[in-house]
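Now for the letters of each chain:
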Amino acid sequence: MIHDDLLKIAEDLRKLGIDASHEIVYGPHGGLEGLDIGEDFFPLWELCLPENEAAVEKFDFVAIKARRGPDWSVERPKRAHA
């Protein structure tokens, strides 16, 4: 499960020279765990979406960011709830 691998993913990205860290961002609904890559935050809920699985495996965060709609928010959208 990706949740267990966030620290390792951040470490692997740093080994590749990418500014990455495991972060928890606090907002109105508590803390959101995810990866901080450069100036972008990728919340765990977004990384776990089926359509992002291949991109996460390839460390293709540009592709993940490109899938974000104009109303994207770090908060998990209601439609993404399981």
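Residues numbered from 1 in each chain as written. Predicted model: local features only at pLDDT ≥ 70, side-chain atom pairs only at ≥ 80, totals over all residues. Heavy atoms only, no water.

1. Some thoughts on the pairing of strand E3 (residues 40-43)
Taken together, the four bridges between strand E2 (residues 30-37) and E3 define a ladder with antiparallel strand orientation. The residue bridging Gly34 from the neighbouring strand is Pro43, located in E3. Linking two consecutive strands that pair antiparallel, namely E2 and E3, is a turn of two residues; a positive phi of about 60 degrees is found at Gly38 within it. (Pairing = 2+ DSSP bridges. Helix = DSSP H or I, 4+ residues; strand = E, 2+ residues; numbered from the N terminus.)

2. Structural notes on the sheet that holds E3
Within the open sheet, the three strands sit side by side as E1-E2-E3. Their pairing is antiparallel. In the strand order of this sheet, the two ends are held by strand E1 (20-27) and E3, each with one partner. For this sheet, the mean inter-axis angle between neighbouring strands, taken without regard to orientation, is 40 degrees. As judged from the eight bridges shared by E1 and E2, these two strands associate in the antiparallel manner. The residue of E2 that forms the bridge with Gly27 is Gly30. (Axes fitted to C-alpha atoms, helices over the stretch in contact; angles between N-to-C directions.)

3. Quick notes on the pattern of salt bridges
Two side chains carrying opposite charge are able to pair once their charged atoms lie near each other. Per the stated rule, a full pass over the model turns up four salt bridges. Residues Lys8 and Asp12 are paired through a salt bridge, measuring 2.9 Å at the closest nitrogen-oxygen approach. Pair noted here: Lys8 and Asp12 are both in helix H1 (residues 2-15), with a separation of four residues, about one helical turn. Residue Asp12 is classed as partly exposed on the basis of its relative accessible area of 21%. With its nearest N and O atoms 3.0 Å apart, the salt bridge here joins Asp40 to Lys65. Here Asp40, found in strand E3, pairs with Lys65, found in helix H4 (residues 61-66); they are 25 residues apart in sequence, far enough to count as distant. Judged by relative accessible area, which is 23%, Asp40 ranks as partly exposed. (Salt bridge = Lys/Arg side-chain N within 4 Å of Asp/Glu carboxyl O. Buried < 20%, exposed > 50% of the residue type's maximum accessible area, 1.4 Å probe, protein only.)

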